[in-house]
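Structure at a glance
This is what each chain is made of:
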Amino acid sequence: MDAATAAETITGIKSILQPPLPPALTVDLEKVTYLDDFGVLVLVELKNLVAGQKSRLYLKNADKRVKEILSILKYDALGEPAAFTRKSHPNMFIRLGEGALGQAADLNFIFSFIGSVCLSLIHVCLHPRSLRSDDTFLSMKKVGVDALPIVGLISFLLGLIMAFMSSVQLQQFGANIYVASLVSLSMVRELGPIMTAIIVAGRSGSAFAAEIGTMKISDEVDALFTMGFDPTRFLVVPKIIASVITVPILTLFSDLFAILGGLVVGVFMLDLTANAYIAQTLKTLTLFDVFSGFIKAAVFALLIAGIGCLRGFQVRGGAAEVGQATTSAVVSSIFLIILADAGFAVILRYWG
Amino acid sequence: MNRKVVIQVKNLVARYGDDIILDRISFDVYEGEIFAVLGGSGSGKSTLLKRLLGLHRSASGKIIIDGDDISECDEDALQQILRKIGVLYQSAALFGSMTVAENVALPILEYTDLPRESVDHLVKMKLNLVNLDGYQNYLPSEISGGMKKRAGLARAMALNPKILFFDEPSAGLDPVTSAELDKLIIHLNQSLGTTMVIITHELESIFAVANRVIMLHKSTRGIIADGDPKYLRDQSRNPFVKQFFNRLPGDNTLTNGKDGF
């Protein structure tokens, strides 16, 4: 009797032993040469089945080894049905309260994190030499340079699509030239910063969370602290500074590539000359548009880097939490990017 | 005793939420000794270490390290006190993106104004001290577990701390490597006179290195024995201490019950 045959035997016994049963059943174990916990399981199932029918089960002729197995597995005590009960859930109010307390603790952590980031940034501004410049340059490369191909490609395609879709409508009015205005204005003001920020959130925000989270679970953050380094100043500040510098530049590239995409459609499908397209683009855009996109991108970068690092520091426990932190870093930063963009839309509407 | 006390813990209480992990424990560590904190799983060893390093603040009680109270001081003062301390973490906690030499050089570059070349010499000396010469340019992922521990030790000793903490130094090491690490610990203690606090449950290592031990137990949430480990092994009357030192299986009432003693 072992793992392979136990299930079959149990169903077999259950189908044979139909009620009514005699008041007592005896299992003769004389010929049993080998018994493990699956064998005992069969006996226990039998015992429970019989007990349910108000009858009793007796074992006889068990040899020494079988008896030993039965006693190790506490066969006599196993009779009670469903020995394995899950820990019961506390009621709704307790869970609600626990949830609220957990959220409050999280909020507390978030505020102290923001505070420590601000203090560290001020410290670095006052003592620029305390900035870890090697780490900052490395982050700039990872966040900015390495992201350029994908940002460029996506923006180019986006410009292409926008020009193509809008041309279908604008062509009806013979307003082909306004494709240039539409692509450049929407890209520089709105889509450039947003697309870049979303790509950076997916590439770098998640990487920040995973990196810091892994350092957290392997005691490296504690090691930093006991070596006298401020973990925020050491890990977060270079990432924030690198992101705030590189994301606006990436955004600029994104704008350029999108305009290039629009230009391709304009020249090859709408019979515009490249000169006319570029002239129209320059006529549409003001420096203020470009500048507001720049500021937006910087704010998005701050949010992405901040959230990525925050989620990393919130990791406790094991590898699964690092994965969770990574997901949460991307989701929260995209949400915050959109939220901030909505804020900018309102502000720029009244100011610009 | 007329030796100088380096670490003094008085009535320390540590808790997570409502669970009290350590209840009013007190002990002293003297200068130059190898002091071990023992205990089974869940007895609060790691909790105690985190309080001693100021990573978590304790609910009440005093921890005085080399004359300064770390339970009351602010962050900056704590950082000053931590300069006197080196820690070897269980996983060595080397920074994965830096080479062994860069890891060791990190605290030296931060806290001294030595020129770059002298720092390199110093790093080489530190690595010689732990027999890791020649591995300067390896990344932590490229060296073995025992080497990582030794590199971690070199980093912990970078600024010649007065006190070295070891969190489970032999965890995850084979007996030979672990014995080598023990030998290294004794050697460093004798040659440099560094006070060492070892958190462990590794019996061989305790008998090999520790001058004095305290033993924590979760049933009393405190210290159930202290003294010379060999004396405790042979003379202790406490059933759990006997079990622990003689490596006997636990009786359920003693290891799980809250009223074991």
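Everything in this summary refers to the structure shown in the same document. Note that the structure is a prediction, hence the values are computed from the model and not measured.

Scoring rules and cut-offs
Residues numbered from 1 in each chain as written. Chains lettered and ligands numbered in written order. Predicted model: local features only at pLDDT ≥ 70, side-chain atom pairs only at ≥ 80, totals over all residues. Helix = DSSP H or I, 4+ residues; strand = E, 2+ residues; numbered from the N terminus. Rg over C-alpha atoms; globule rule 2.2 N^0.38 Å. Buried ≥ 20, exposed ≤ 12 C-beta atoms within 10 Å, placed from the backbone. Contact = placed C-beta atoms within 7 Å. Pairing = 2+ DSSP bridges. Expected span 1.5 Å × (residues − 1). Arc of directions from axis to C-beta. Core = buried A, V, L, I, M, F, W, Y, C linked by C-beta atoms within 7 Å. Axes fitted to C-alpha atoms, helices over the stretch in contact; angles between N-to-C directions. Nonpolar A, V, L, I, M, F, W, Y, C, P; charged D, E, K, R; others polar. Parallel < 35°, antiparallel > 145°, perpendicular 65-115°, else oblique. Left-handed = near helix turned anticlockwise from the far one by under 90°.

Attention now goes to the overall build of chain A. Along its length, chain A carries 12 helices and 2 strands. Listed N to C, the secondary structure of chain A is α-β-α-β-α-α-α-α-α-α-α-α-α-α in terms of helices and strands. The C-alpha radius of gyration of chain A comes to 34 Å, more than 25% above the 20 Å expected for a compact globule of 352 residues. With the C-alpha coordinates aligned to their principal axes, the bounding extent of chain A is approximately 100 × 60 × 40 Å. Evaluated residue by residue, chain A yields a buried proportion of 34% over its 352 residues. Expressed as a percentage of contacts within chain A between residues at least 6 apart in sequence, the contacts between residues at least 24 apart total 87%.

What follows concerns the overall build of chain B. The helix and strand inventory of chain B stands at 10 helices and 10 strands. Relative to the globule expectation of 18 Å for 261 residues, the C-alpha radius of gyration of chain B, 19 Å, shows essentially globular dimensions. Overall size of chain B, expressed as C-alpha extent along the three principal axes, is 60 × 40 × 40 Å. Looking at the 261 residues of chain B, the share that counts as buried comes to 41%. Of all intrachain contacts in chain B linking residues separated by at least 6 positions in sequence, the fraction that spans at least 24 positions is 63%.

Turning next to the pairing of strand 4 (residues 60–65) of chain B. Residue and element names in this part refer to chain B. Two strands pair when backbone bridges link them, and strand 1 (residues 5–16) and strand 4 are joined in this way by 5 bridges, in the antiparallel orientation. Paired with Val-13 across the strands is Ser-60, a residue of strand 4. With 2 bridges joining them, strand 4 and strand 5 (residues 68–69) adopt antiparallel strand pairing. From the neighbouring strand, Ile-65 faces strand 5, where its bridge partner is Asp-68. What sits between strand 4 and strand 5 in their antiparallel hairpin is a turn of 2 residues, with Asp-66 showing a positive phi close to 50°.

Our next topic: helix 6 (residues 175–192) of chain B. Think of an α-helix as turning once every 3.6 residues; residues three or four places apart then point the same way. Residues and elements named next belong to chain B. Helix length check: helix 6, at 18 residues, gives a terminal C-alpha distance of 25 Å against a target of 26 Å (1.5 Å per residue), a fit within 8%. Among the structural elements, helix 5 (145–156), strand 8 (195–199) and helix 7 (203–209) are those in contact with the buried residues of helix 6. At the exit of helix 6 stands Gly-193, carrying a positive phi of roughly 70°.

What follows is about helix 9 (residues 239–246) of chain B. Residues and elements named next belong to chain B. For helix 9, every residue scored as buried is listed here: Phe-240, Val-241, Phe-244 and Phe-245. Take helix 9 and look down its axis: the buried residues cluster within an arc of 120°, on one side only. In the segment just after helix 9, Arg-247 is the residue with positive phi, at about 55°.

Of all hydrophobic cores here, the largest spans 133 residues; its most connected members are B:Phe165 and B:Met215. Top element by residues in this core is helix 7 (residues 178–217) of chain A. It accounts for 15 residues. The contacts of B:Phe165, once residues within four sequence positions are left out, are B:Leu49, B:Leu52, B:Leu53, B:Ile85, B:Val87 and B:Val197. Among the nonpolar cores identified, the runner-up in size contains 5 residues, and A:Val40, A:Val42, A:Leu43 and A:Val66 belong to it.

Attention now goes to the environment of B:Met157. Residues and elements named next belong to chain B. Structurally, the position occupied by Met-157 is in the loop between helix 5 and strand 7 (163–167). Expressed as a C-alpha distance, the spacing of Met-157 and Gln-243, which sit 86 residues apart in the sequence, is 35 Å. Dropping the residues within four chain positions of it, Met-157 is found in contact with Gly-86, Lys-126 and Leu-164.

All names here are of chain B. Two elements, strand 1 and strand 2 (residues 19–30), share 8 bridges in a ladder whose sense is antiparallel. If you follow Gln-8 over to strand 2, its bridge partner there is Asp-28. Hairpin connection of strand 1 to strand 2: 2 residues between the antiparallel strands, including Gly-17 at a positive phi of 60°.

This brings us to the sheet that holds strand 10 (residues 222–227) of chain B. Two pairing modes exist for strands in a sheet, parallel and antiparallel, and in both the strands are linked by backbone hydrogen bonds. Residues and elements named next belong to chain B. The sheet built from 6 strands is open, its strands ordered 6-7-8-3-9-10 with mixed pairing. Pairing within the sheet leaves two strands with one partner each, and these edge strands are strand 6 (85–88) and strand 10. Between one strand and the next, the sheet's axes are offset by a mean angle of 20°, whatever the strand orientation. Examined bridge by bridge, strand 7 and strand 8 share 5 bridges and lie parallel to one another. Pairing of Phe-165 across the sheet is with Val-197, part of strand 8.

Spatially, 2-1-4-5 (chain B) is the arrangement adopted by the 4 strands of the open sheet, whose pairing is antiparallel. On the outer flanks of this sheet lie strand 2 and strand 5 of chain B, each paired with one strand and no other.

All names here are of chain A. Note on placement: Thr-284 falls in helix 10 (residues 274–284). Placed 106 residues apart in sequence, Thr-284 and Tyr-178 show a C-alpha to C-alpha distance of 9.3 Å. Dropping the residues within four chain positions of it, Thr-284 is found in contact with Ala-180, Ser-181, Ser-184 and Leu-185.

Take the interface of chain B and chain A next. Opposite the 15 residues of chain B that make contact, chain A presents 10 residues. If one sorts the elements of the side of chain B that touches chain A by residue count, helix 3 (residues 100–111) of chain B sits on top with 3 residues. Tallied by class, residues from the side of chain B that touches chain A come to 10 nonpolar, 3 polar and 2 charged.

Residue and element names in this part refer to chain A. Assignment of secondary structure puts Val-264 in helix 9 (residues 231–269). Among the residues examined, Val-264 registers 17 C-beta atoms within 10 Å and is labelled partly exposed. Sequence separation between Val-264 and Lys-54 is 210 residues; the distance between their C-alpha atoms is 86 Å.

Now for the packing of helix 7 of chain A against helix 10 of chain A. All names here are of chain A. In contact at an axis separation of 8 Å, helix 7 and helix 10 are set at 50° when each is read in the N-to-C sense. Relative to helix 10, the element helix 7 is oriented oblique. Along this stretch, helix 7 crosses helix 10, giving a crossing that reads as right-handed. Here Ala-180, Ser-181, Ser-184 and Leu-185 of helix 7 lie close against helix 10, whose contacting residues are Tyr-277, Gln-280, Thr-281 and Thr-284. Looking at the contact of helix 7 with helix 10 residue by residue, the class counts come to 3 nonpolar, 5 polar and no charged.

Keep in mind these numbers describe shape, not what the thing actually does.
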